[in-house]
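Next come the chains, spelled out residue by residue.
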Amino acid sequence: MTPPRELDWARTRRLALREFGPGDHDALLAMHREPRLRTHLVDDYPMHESAVVRLFLARMAQLYRRHEGLGIWHATLIEPQPVFAGWFNLMPMAERPGEVELGSRLLPLAWGSGLALEGGELLLAHAFERLGLGHVWGVCHPGNRSAQAVLAALGFGALGAMRYDGREAAHYRIDLNAWRAVRNTPRGIRLRRALRPRAAEETHR
């Protein structure tokens, strides 16, 4: 059954995004008790604890109204059967006032499906075409090479390692001109280009 369209904040053929609500508590809790997901996190918020999830949901409810167009959104993988896949976000950066970062946190069931790239494109279009942002940041765990490949395929440029929430993290940034240059290039071509440096590096080991 396809999720009700009136509840969707944004969607593609395979992906539906909506605001999180109190009914998502158990799904978020289970998500953050998935050890493979936790390995790649760059923050240490204990979202595997029920009280922290409730606080997160309360803060999201406020943020959706206070920062229109920004937030962390529930992601449903629509095909072949609708299933909770994790989240996508466009969020204000605590350590860089006035800046916005793009991110995703997907369950293993969505890994390798291209969903991260599809959702990233959706949110970049929103950031540049609807919110009128001049640039967007991306941050990921230094060891998360899949996330780095997705950011590169989206057109982000690498800025190196910097502190993020008290830890070292890989930082990326994309501006409007870079987005315009890549948005009409097929995803497969962009992803192959992004993976090429990694393949060359592994060949010379």
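It should be noted that the structure appears before, not after, this text.
Residues numbered from 1 in each chain as written. Predicted model: local features only at pLDDT ≥ 70, side-chain atom pairs only at ≥ 80, totals over all residues. Heavy atoms only, no water.

### Focus on helix α3 (residues 50-66)
Thinking step 1. Between its first and last C-alpha atoms α3 spans 25 Å; for 17 residues at 1.5 Å apiece the expected length is 24 Å, and the two agree.
Thinking step 2. In this structure, the buried side of α3 is in contact with β2 (15-19), α1 (25-31), β3 (71-77) and β4 (83-92). (Helix = DSSP H or I, 4+ residues; strand = E, 2+ residues; numbered from the N terminus. Expected span 1.5 Å × (residues − 1). Contact = heavy atoms within 4.5 Å.)

### Digging into the pattern of salt bridges
Thinking step 1. Taken as a whole and assessed by the stated rule, the structure comprises ten salt bridges.
Thinking step 2. Here R36 and E34 are joined by a salt bridge, their closest N and O atoms 3.0 Å apart.
Thinking step 3. What emerges from the salt-bridge pattern is a single network uniting R14, E118, E121, R187 and R190. (Salt bridge = Lys/Arg side-chain N within 4 Å of Asp/Glu carboxyl O.)

### Considerations on the nonpolar core
Thinking step 1. Counting residues in each nonpolar core, the largest one holds 53 residues, and the members touching the most others are F20, F56, L90, L124, V136 and F156.
Thinking step 2. Considering every element that reaches this core, the biggest residue donor is helix α4 (residues 115-130), with eight residues.
Thinking step 3. Beyond its immediate sequence surroundings of up to four residues, V136 is in contact with L90, V100, E101, L102, L124, A127, F128, F156, Y172, R173 and I174. (Core = buried A, V, L, I, M, F, W, Y, C linked by side-chain atoms within 4.5 Å. Buried < 20%, exposed > 50% of the residue type's maximum accessible area, 1.4 Å probe, protein only.)

### Re the pairing of strand β6 (residues 135-140)
Thinking step 1. Burial within β6 is extensive, with five of its six residues counted as buried.
Thinking step 2. Pairing analysis gives two bridges linking strand β5 (residues 100-106) to β6, with the strands arranged parallel. Note on β6: the bridge partner recorded for L102 is G138.
Thinking step 3. Of the crossover connections in this fold, the one passing from β5 over α4 to the parallel β6 is right-handed.
Thinking step 4. In the sheet, β6 pairs with strand β8 (residues 167-175) via six bridges, with the strands oriented antiparallel. Along β8, the bridge assignment pairs V136 with I174. (Pairing = 2+ DSSP bridges. Right-handed = clockwise from strand over helix to strand, strands pointing away.)

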